[in-house]
Amino acid sequence: MNFQLSADQVELQDALRRYLQSEVAPIVDEYEAQSRMVPAQVVRAMHDFGLLGGLLPEASGGFALPMTTYGMLIAEVARVWPSLRSIVSTSNLAASVLADGGSPELKQKYLPRILSGEAIASFALSEPNIGSDAANIETRAVPTGQGWKVSGRKLYISLGPVCELGVVFVRTGEAGRRQVSCLLFESKMPGFSVSAIPKMGMHSCPLGELLFDDVEIPREHLVGAEGAGFALAKKYLNIGRCVVAFSALGIAEAACEAAVRYAGERVQFGRPIAGFQLVQHMIADMLTLVETSRLLCYRAADALDRDAPDSHMLCSMAKRHATDAVLRVAEQALQVHGGAGYTALFPVERYYRDARHLSIAEGTNQIQSLLIAQSVLGVSALK
């Protein structure tokens, strides 16, 4: 296996890195401290680098990038601004579901606006009582003459407070995963409301609770076949786990680089702390965790590109390892900074806060452990 990026990938990576360093990095700390949404022009600029619609086929307005290339780009964004990465990932998740299951009319009307960054889209799956048990969602859609009347609550929805539209997963039958359907909603629909939820990190990517109070959604807004919503969610959540792994890799790289830089600058007892054995031990651990995460990320991405039968297991492995590793790396980076790392004077405290949710997103790491074991044992612990 060739672990080197191609010339085209390196060129794209360098172009994105230059843009992020010159146009984005200078505003990150200010926006995060004030909980200001990532500027719209920055989100729209991601389209030019293949990040909005990166994985979608060209026929749907995407770039048809391989997962290895898209993941590399995701890691670059996460190195600089995890909130921006989350906005990109959430928009792509909603767009992917729409491109896969939406009617030609639905895709023509909404996809161009999502992929250009003009419209913010959300992916509404989680609920107050439903997290990893996505097959048993409680939000209900009752058939009407023109479509469905939707009632229920969705919780912890990225971009919920600012989304113009989104895909929502609802129950259209009595019980079981085959009774889950996917609908496209607009925030302007009567009966829809949202409230923001304060959170620990990624303050520039808002989180919210969505309330559907007898929201009438037209029949033509069905995405995929009725009762096939769980399969759609499961398909793209697997890809999402690989994306989360690359996100963790990007933050881990930033934290490790910050620690190396600070160790070379900070002087104690008459010399830089980089010369102290215990600091070197922490740096060595961090570098090793970054590289093992990188290897698993690209292994999982390659499996997705080849549609390999073990891609689900590898995505769960990459997600679990990389998101556990980034917390250790961020913690060690903070420790290298000492008391300064606990302040907002240096970015390492933000790296830790921004990374903390990754071991929960797209299925907790405990659930990933069960999925990994199930793939080889053939026995599910969730039934």
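Residues numbered from 1 in each chain as written. Predicted model: local features only at pLDDT ≥ 70, side-chain atom pairs only at ≥ 80, totals over all residues. Heavy atoms only, no water.

A. Main features of helix α9 (residues 348-355). In terms of residue burial, α9 counts as a mostly covered element, since six of its eight residues are buried. Three or more residues of α9 are buried, namely V348, E349, R350, Y351, D354 and A355. (Buried < 20%, exposed > 50% of the residue type's maximum accessible area, 1.4 Å probe, protein only. Helix = DSSP H or I, 4+ residues; strand = E, 2+ residues; numbered from the N terminus.)

B. Local environment of helix α10 (residues 365-377). Taking 1.5 Å per residue, 13 residues should reach 18 Å; α10 reaches 18 Å between its end C-alpha atoms and fits that length. Tucked into the core, α10 has its buried residues touching α6 (229-265) and α8 (311-337). Positioned one or two residues after α10, G378 has a phi angle of 75°, which is positive. (Expected span 1.5 Å × (residues − 1). Contact = heavy atoms within 4.5 Å.)

C. Representation of the packing of aromatic side chains in the model. A full pass over the atoms with the stated rule returns nine aromatic pairs. Judged by centre distance (5.1 Å) and plane angle (90°), the ring pair of F246 and Y298 falls under edge-to-face. Taken together, the positions of F246 in helix α6 and Y298 in helix α7 (residues 277-305) put the pair 52 residues apart, joining distant regions of the chain. In this structure F246 comes out as buried when scored by relative accessible area, which is 0%. Here Y262 and F346 contribute two aromatic rings whose centre-to-centre distance is 5.4 Å and whose plane-to-plane angle is 85°, an arrangement assigned as edge-to-face. Residue Y262 is located in helix α6, and its partner F346 is located in the loop between α8 and α9; the two are separated by 84 residues in the primary sequence. A relative accessible area of 10% means that Y262 is categorised as buried. (Phe/Tyr/Trp six-rings, centres within 6.5 Å; stacked < 30°, edge-to-face > 60°.)

D. Layout of the pattern of salt bridges. A complete count under the given rule lists 18 salt bridges for this structure. Here R113 ties to E164 by a salt bridge, and the two come within 2.6 Å at their closest N and O atoms. Of this pair, R113 sits in helix α5 (residues 104-115) while E164 sits in the loop between β3 (147-158) and β4 (165-171), placing them 51 residues apart in sequence. Several salt bridges share partner residues, and in doing so they unite R17, E76, R79, E253, E257, E291 and R294 into one network. (Salt bridge = Lys/Arg side-chain N within 4 Å of Asp/Glu carboxyl O.)

E. Local environment of the nonpolar core. Grouped together as the largest cluster of nonpolar side chains are 91 residues, with contacts concentrated most on L20, M46, L51, L84, L183, F185 and F246. Considering every element that reaches this core, the biggest residue donor is α6, with 16 residues. Setting aside its immediate chain neighbours within four residues, F185 contacts S122, C163, L165, G166, V167, V168, F192, L210, F212 and I217. Counting residues in each nonpolar core, the second largest holds 32 residues, with L93, L98, Y110 and L165 among its members. (Core = buried A, V, L, I, M, F, W, Y, C linked by side-chain atoms within 4.5 Å.)

F. Structural view of the domain arrangement of the protein. What the domain assignment lists for the protein is domain 1 (7-116), domain 2 (121-227) and domain 3 (230-377). The C-alpha centroid of domain 3 is placed 21 Å from the C-alpha centroid of domain 1. Counting residues at the interface gives 22 residues for domain 1 and 24 residues for domain 3. Buried area between domain 1 and domain 3, summed over both chains or domains, comes out near 1900 Å², and the portion from carbon and sulfur atoms is 64%. (Domains from an automatic or database assignment. Buried area = accessible area lost by both parts, 1.4 Å probe.)

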